[in-house]
Each structure stands twice: as structure tokens, then as C-alpha cells.
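An overview of the molecular structure
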Amino acid sequence: MVLLQLLNLMAPCYFLCLLAVTFSLQLFFFLPGMCEEHSLPLSGLLHSFFFVFFLVNVIGNYFLIIWNSPASSGINADAEMSNKQFCRICTRMMWEQEHHCFFTGTCIGRSNLRSFVLFCLHASCSCFHALVAGVGYISHNFSLSFSNPLTFLRLLPLSVTRFFSGSLLSSEMLAVLMLYLWFGVGLACGAFCCHQLLLISRRPVCHQSPSEDSSSINWIDNMTSVFGKRWLMAILYPSTKGK
């Protein structure tokens, strides 16, 4: 339990550090390089738009997850004997809890499930967007072509060798390391998003009330119950679902 509590403190710090490093690399290295290459920086403007779009949605949905954390129903002597979920990490009874998210330090339930899914979606897109921008930055500085998929595998040992020989700057080495981190985090967030969408379509326990007949509810109703009818607006900007 002590290790879980420690992980619950370290995981949000890891996310915030990853966000800060990604923001710094994009703002001070990738964007200036794109704007300098073209007299009409159309690619730089497009890159800036996606960068701001993903940044706002990732941060906005992250705080909405915490803000709309499932309300506690109170702790009593029969807490673990009741039908309600009991989170040992938060040490509280939860209404319609689905799981505990260490990266946000809170539980995920019906009240913040939409924000959690959208957070995973935008975090995955943001990582792959940063990956593409980073590949362009490194291919320009290293004079490497990524047309061969094996180049991505050879990049790390080549960069380590050049870094310790003194021919590679620390900022460039950081960009190389972040490429692999963005790739891994992007895949993980995308897998979380797909997994949650699959669970929602199959009607998880935390979404179904005792009076509802599961056989009369299709996957469209399941999605609507979580994302609402204006689901497209939720993808464009972070917001809570209207009642």
C-alpha cells in the first residue's frame, strides 16, 4: 500500500515533467526551426495550431478529471461489505467507480469518464504529433533520412556515440530520447482510449443502473450516456457533459 501511495504521488509529477519538456522542445526548438526554413511558414503555422489545440485539450481534460472526481459516499464500518466500490488508495467509498488513475491521482467513474477518454485520446495524438515534429527536427540537424524504418532503431546508439564524443548537443540528445518516450506514451494512451471505448460500448457495471435492461440498450446509447449528444464539441475543446 505504501508503494501504491508513493506511485500515486510520483505519476502526476512524471506527467507534468513530460508535459513541460514536450512544451519546451516544441516551443524553443521545433517551431523556430520550421519558421526559419520557409519564407511563408505555412507548415510552422499549421504545426503551431495543432500544438496549441492538443495542449489545451490535454491540460483541460486533465484538470476536468480531477475536478469531476467521483463523489465520496462516506466511509462507515460496513464500507467494504457494501455493494459500493471502495478505493483503498483514496481511502473512501465511491459511487460508480471504474478504476483508479495514478497519473491524475484520482478515481475514474461516470462523472469524469468522458474527460478521461478524451484526455487519453488527445495525449496520444499530442505524443505522435511531437514525434513527427521531432523526426523532422532530427533529420534536418543530423542529415538523416527516416524513409528506412531501421533508421529509428539505429538512431539511439548513434546519438549516444556522438553525444559522448562531444559532437552532439545536450538539447539534441534530449530530443532523441524524447522521440522514444513519445512513441511509447502515445501507444499506451491510444491503447487506454481504445480499451475504455470498448468497455463503454459493452456497458460497464459503473454505467448501468439496476432498473435498466441491458438487452434493450445498444452501443450507441452507451456512448451517448458517457459523451452526450454533443460529443463532437467535447473533442474540439474540454468541457463537461450537460445534464
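Treat the numbers as computed from the prediction; the structure is a model and nothing was measured. (Residues numbered from 1 in each chain as written. Predicted model: local features only at pLDDT ≥ 70, side-chain atom pairs only at ≥ 80, totals over all residues. Heavy atoms only, no water.)

Regarding the overall build of the chain
Note the following rule: Elements are defined by DSSP. Helices are runs of H or I of four residues or more, strands are runs of E of two residues or more, and each kind is numbered from the N terminus. Burial classes follow relative accessibility: with a 1.4 Å probe on protein chains only, a residue under 20% of its type's maximum area counts as buried, one over 50% as exposed, and anything between as partly exposed. Residue contacts follow a heavy-atom distance rule, with two residues in contact if any of their heavy atoms lie within 4.5 Å.
Across its full length, the chain carries seven helices and four strands. Ordered by position from N to C terminus, the α and β elements of the chain give α-α-β-β-β-β-α-α-α-α-α. For the chain, buried positions account for 39% of its 243 residues. When contacts within the chain are restricted to residue pairs at least 6 apart in sequence, long-range pairs at least 24 apart make up 62% of them.

Digging into unusual backbone geometry
Residues other than glycine seldom take positive phi values, yet Ser-143 does so here, at roughly 55°. Relative to the helices and strands, Ser-143 resides in the loop between helix H3 (113-142) and helix H4 (150-164). Take Ser-143: its relative accessible area is 65%, and that puts it in the exposed class.

Structural notes on the UniProt feature "transmembrane region" (unreviewed entry) in the chain
The line we're drawing: UniProt positions are given in the numbering used here, feature names are shortened, and annotations may be inferred rather than shown by experiment.
Following the UniProt record, one finds the feature "transmembrane region" (unreviewed entry) at residues 12-33, 45-67, 116-138 and 173-194. End-to-end, the C-alpha atoms of residues 173-194 are 32 Å apart, and along that stretch the chain is 100% helix and 0% strand.

What about the confidence of the model for the chain?
Rule in force here: Each residue gets a pLDDT score, which is the predictor's confidence in that residue and runs from 0 to 100.
In the predicted model, the chain carries a mean pLDDT of 82, and the fraction of residues at 70 or more is 81%. The least confident element of the chain, judged by mean pLDDT, is strand S2 (residues 92-94) at 66; the most confident is helix H5 (residues 170-201) at 94. Contacts from residues 74-81, a stretch scored under 50 in pLDDT, to residues over four places away or in other chains number eight contacts. Contacts for the low-pLDDT stretch residues 204-211, under 50 throughout, to residues beyond four places or in other chains number 14 contacts.

Focus: the packing of aromatic side chains
This is how the line gets drawn: Aromatic contacts are taken between Phe, Tyr and Trp rings whose centres are within 6.5 Å, Trp giving its six-membered ring; a plane angle under 30 degrees counts as stacked, one over 60 as edge-to-face, and the others as tilted.
Going through the model one piece at a time under the given rule, you end up with 17 aromatic pairs. Relative to Phe-119, the ring of Tyr-62 lies with its centre 5.6 Å away and its plane at 50°, an arrangement referred to as tilted. With Tyr-62 in helix H2 (residues 42-67) and Phe-119 in helix H3, this residue pair connects regions lying 57 residues apart in the sequence. Seen in terms of ring centroids, Phe-163 and Phe-164 are 5.5 Å apart; in terms of plane orientation they differ by 75°. Their pairing is edge-to-face.

Quick look at the environment of Cys-125
Inspection of the secondary structure assignment puts Cys-125 in helix H3. Sequence-wise, Cys-125 and Gly-190 are 65 residues apart; in three dimensions their C-alpha atoms are separated by 8.1 Å.

Some thoughts on the nonpolar core
What tends to happen in soluble globular proteins is that the nonpolar side chains get buried as a cluster. To keep it simple, the criterion reads: Residue types Ala, Val, Leu, Ile, Met, Phe, Trp, Tyr and Cys, when buried and joined through side-chain atoms within 4.5 Å, form a set referred to as a nonpolar core.
In this structure, Ile-138, Leu-179 and Trp-182 are the most contacted members of the largest nonpolar core, which totals 41 residues. Mapped by element, the contributors of at least two residues to this core are helix H1 (2-37), H2, H3, H4, H5 and helix H6 (219-227). In terms of residues, this core owes the most to one element, H3, which gives 15 residues. Apart from residues no more than four positions distant in its own chain, Leu-179 is found in contact with Leu-131, Gly-134, Val-135, Ile-138, Phe-152 and Leu-155.

Observations regarding a nonpolar patch on the surface
Our working rule: Note that patches include only residues with greater than 30% relative accessible area and no salt bridge, and the join distances are 9 Å for like charges and 5 Å for nonpolar side chains (Val, Leu, Ile, Met, Phe, Trp, Tyr). In short, Shrake-Rupley with a 1.4 Å probe defines the accessible areas, and a residue's cover is counted only from the protein chains shown. A carboxyl oxygen of Asp or Glu within 4 Å of a side-chain nitrogen of Lys or Arg is what we treat as a salt bridge.
A surface patch of nonpolar side chains, amounting to about 440 Å² of accessible area, comprises Leu-156, Val-160, Phe-163, Phe-164 and Leu-177. It is H4 that contributes the most residues to the nonpolar patch, four residues altogether. Structurally, Leu-177 is set in helix H5. On the basis of relative accessibility, which here comes to 43%, the residue Leu-177 falls in the partly exposed class.

A short note on H3
Put simply, the test is: Each helix should span, by expectation, one fewer than its residue count multiplied by 1.5 Å.
A rise of 1.5 Å per residue sets the reference length of H3, with its 30 residues, at 44 Å; its end C-alpha atoms lie 42 Å apart and thus fit the reference within 8%. Burial runs high along H3: 22 of the 30 residues are buried. One or two steps after H3, the chain reaches Ser-143, where phi turns positive at roughly 55°.

As for the side chain of Asn-61
The residue Asn-61 is located in helix H2 in this model. On the basis of relative accessible area, Asn-61 is assigned to the buried category, the value being 0%. Not counting residues within four places of it along the chain, the set of residues in contact with Asn-61 comprises Ser-115, Leu-118, Phe-119, His-122 and Pro-238.

Section: the packing of H5 against H6
Here is the rule we go by: Interaxial angles span 0 to 180 degrees and are taken between N-to-C directions of axes, which are lines fitted to C-alpha atoms, for helices over the stretch in contact. Ten residue types, Ala, Val, Leu, Ile, Met, Phe, Trp, Tyr, Cys and Pro, are classed as nonpolar, four, Asp, Glu, Lys and Arg, as charged, and the remainder, Gly among them, as polar.
Axis separation between H5 and H6 bottoms out at 8 Å; the angle between their running directions is 115°. In contact with Leu-197, Ile-200 and Ser-201 of H5, H6 contributes Trp-219, Asn-222, Met-223, Val-226 and Phe-227. Partitioned by chemical class, the residues of the contact of H5 with H6 number six nonpolar, two polar and no charged.

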